[in-house]
Amino acid sequence: MTATPQTVRARIFYTPGEALADGELRLAKVRDDLVRVRLRASGVCGSDLHVADGDWTVQGPLVLGHEGSGIVEDVGPGVRDVRPGDRVVLSWFAPCRRCRNCAGGRVWLCQNTRSLENTLPDGTTSFVSSAGTPVPAFLGLGTFSEATVVPESAAVKIPDEVPFSVAALIGCAVTTGVGAVVNTAQVRPGDSAVVVGCGGVGQAILLGLGLVGADPIVAVDLSDERLALARELGAAHALRGDDSGSGDHVRSITGWGADHAFEAIGRAATIEMLPSLVRRGGQAVIVGMPAEGVAVPLDPFDLADGGKRILGCNYGSSVPSVDFPRLARLYASGRLPLDRLVGRTTTLDAVDGALDDLRRVAGLRTIIRYEDGP
Ligand SMILES: [Zn+2]
Ligand SMILES: [Zn+2]
């Protein structure tokens, strides 16, 4: 246990639409079942952008970032599963492990988690300003900082051979995307699938579909760069979403419509079209996170008559303590080429530029690196 308070540099959200502020913050003391993690890599995800752009109502100050990996530096006396020196992926959903959903194995639906309130399980915060003001961490992580303090249930050990950039992506995009295929939709070999939106999560969905042997796989996006990438990631067909015939094209490629359609953007217009892309008896899976208050008209006759299902998917219906190591092993064995999803690397100082990368809606995930190395 360390007696002196730890001070870290972080990028802090105050006001929607403004650049993140640079700040020096004190870390919470490592106590009980808390773990201090020195960040090595953090992805920059659409959910960070939703906060930065004011799509979601969040009060500042807040340390953004929720897709991170690093090294355990110190642990509280109640910690059992990790120890200093372990390489970990952070989970932005720290389950209580006790509620009905947790006990039933559906930890992604935990009813008691405080992660969504951006605090630690006891309601305190991971960071404190030099003036003593509590500074919450986005989804209980705040990975746009040199280090953070999280509950043990949010720090999952993975094998050392997984590079930190890949490990960071397992913390959100990969678990969400591959989990949407494997856990939420339970796609079977030979099932047809269409992926609408080929950003970080959509790219992970494509890899998940390749892993389970979906066929054919159709990708839809507005960026030619991302459509070319989608082909490299296993899509047999890559269609421009702004082509008015794209829906008919999906239906003709897949016969009567796809067995599974995934929406990985969170846009009303694409969510609305999703059921029309699936065959009778098929399922539409909503993976992208919309802005607050977005409503979508649906055709209930088509859903009822066609026996179609709409599935919501949060965090890939995944159990981090089980699924993070599983995804890491699939990467290490060469079955899941997650390094294909790693885009340019940048530094904490330049995180606003990484948010701009997301606004461009093209290319791969930008990764913040805290130190050089794998
Ligand atoms: Zn995310
Ligand atoms: Zn729970």
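Values in this document were obtained by computation on a predicted structure and should not be read as measured data.

Rules used throughout
- Residues numbered from 1 in each chain as written.
- Chains lettered and ligands numbered in written order.
- Predicted model: local features only at pLDDT ≥ 70, side-chain atom pairs only at ≥ 80, totals over all residues.
- Heavy atoms only, no water.
- Buried < 20%, exposed > 50% of the residue type's maximum accessible area, 1.4 Å probe, protein only.
- Helix = DSSP H or I, 4+ residues; strand = E, 2+ residues; numbered from the N terminus.
- Arc of directions from axis to C-beta.
- Contact = heavy atoms within 4.5 Å.
- Pairing = 2+ DSSP bridges.
- Salt bridge = Lys/Arg side-chain N within 4 Å of Asp/Glu carboxyl O.
- Donors = N, O, S within 2.8 Å, 3.2 Å for Na, K, Ca; no water.
- Tetrahedral: all angles 85-135°; square planar, octahedral: opposite > 155°, others 65-115°.
- Polar contact = N/O pair within 3.5 Å; in protein donor to acceptor, adjacent residues only side chain to side chain.

### Regarding helix H11 (residues 351–360)
And step 1. Taken as a whole, H11 has its buried residues at Val351, Ala354, Leu355, Asp357 and Leu358. With its buried residues spanning 145° around the axis, H11 presents them on a single face.
And step 2. Where the residues of H11 are buried, they touch strand E1 (7–13), helix H1 (46–52), strand E17 (342–346) and strand E18 (365–369).
And step 3. Within two residues after H11, valine 361 carries a phi angle of roughly 55°, on the positive side.

### Overview of the pairing of E18
Walk down a regular strand and you will see the side chains alternate between the two sheet faces.
And step 1. Across the five residues of E18, five count as buried, placing the element largely inside the fold.
And step 2. What you see with E18 is no split at all: Arg365, Ile367 and Arg369 on one side and Thr366 and Ile368 on the other are buried throughout.
And step 3. Examined bridge by bridge, strand E3 (residues 34–43) and E18 share three bridges and lie antiparallel to one another. Bridged to glycine 43 within E18 is isoleucine 367.
And step 4. One ladder, built from three bridges, connects E17 with E18; its direction is parallel. Counterpart to threonine 345 in the pairing with E18 is isoleucine 367.

### Overview of the pattern of salt bridges
And step 1. Counting across every chain of the model gives 24 salt bridges.
And step 2. Close ionic contact of arginine 38 with glutamate 73 constitutes a salt bridge, the shortest N to O distance being 2.8 Å. One end of the pair, arginine 38, is in strand E3; the other, glutamate 73, is in strand E5 (residues 67–75), with 35 residues separating them in the sequence.
And step 3. On the basis of relative accessibility, which here comes to 22%, the residue arginine 38 falls in the partly exposed class.
And step 4. When its relative accessible area of 29% is taken as the criterion, glutamate 73 is described as partly exposed.
And step 5. Overlapping salt bridges bring together Arg9, Arg11, Asp22, Asp349 and Asp352 as one network.

### As for the sheet that holds strand E8 (residues 134–135)
And step 1. Spatially, the five strands line up as an open sheet ordered E4-E1-E2-E7-E8, and their pairing is antiparallel. If you trace the sheet from one side to the other, it starts and ends with strand E4 (62–63) and E8, each paired once.
And step 2. Relative to strand E7 (residues 127–129), strand E2 (residues 21–27) runs antiparallel, the two sharing three bridges. From the neighbouring strand, arginine 26 faces E7, where its bridge partner is valine 128.

### A short note on the coordination of the zinc ion (ligand 2)
And step 1. Protein coordination at the zinc ion (ligand 2) comes from Cys96 (SG), Cys99 (SG), Cys102 (SG) and Cys110 (SG), with a distance range of 2.3 to 2.4 Å.
And step 2. Coordination at the zinc ion (ligand 2) comes from four donor atoms whose angles at the metal span 103 to 117°, giving a geometry best classed as tetrahedral.

### Considerations on the side chain of histidine 66
And step 1. Within the fold, histidine 66 resides in the loop between E4 and E5.
And step 2. Residue classification places histidine 66 among the buried positions, given a relative accessible area of 1%.
And step 3. A distance of 3.0 Å separates a polar atom in the side chain of histidine 66 from a polar atom in the side chain of aspartate 48.
And step 4. Setting aside its immediate chain neighbours within four residues, histidine 66 contacts Cys45, Ser47, Asp48, Trp92, Phe138, Leu139, Leu141, Thr143, Gly171 and Cys172.

### Quick notes on the coordination of the zinc ion (ligand 1)
And step 1. In the first shell of the zinc ion (ligand 1), the protein supplies Cys45 (SG), His66 (NE2) and Cys172 (SG), at 2.0 to 2.2 Å from the metal.
And step 2. Look at where the donors of the zinc ion (ligand 1) fall in the sequence and you get C-x20-H-x105-C. Placement of the pair is cysteine 45 in the loop between E3 and H1 and histidine 66 in the loop between E4 and E5, with a sequence separation of 21 residues.
And step 3. On the basis of relative accessibility, which here comes to 5%, the residue cysteine 45 falls in the buried class.

### Concerning the side chain of arginine 365
And step 1. Its location among the elements puts arginine 365 in strand E18.
And step 2. Looking at arginine 365, the relative accessible area reads 6%, which means it is buried.
And step 3. Engagement of the side chain of arginine 365 in a polar contact is seen with the backbone oxygen of valine 44, the distance being 3.5 Å.
And step 4. At 2.9 Å, the side chain of arginine 365 and the side chain of glutamate 67 are in polar contact.
And step 5. Other than its neighbours up to four places away in sequence, arginine 365 contacts Val44, Cys45, Gly46, Glu67, Leu169, Ala173, Gly200, Leu341, Val342, Gly343, Arg344 and Leu358.

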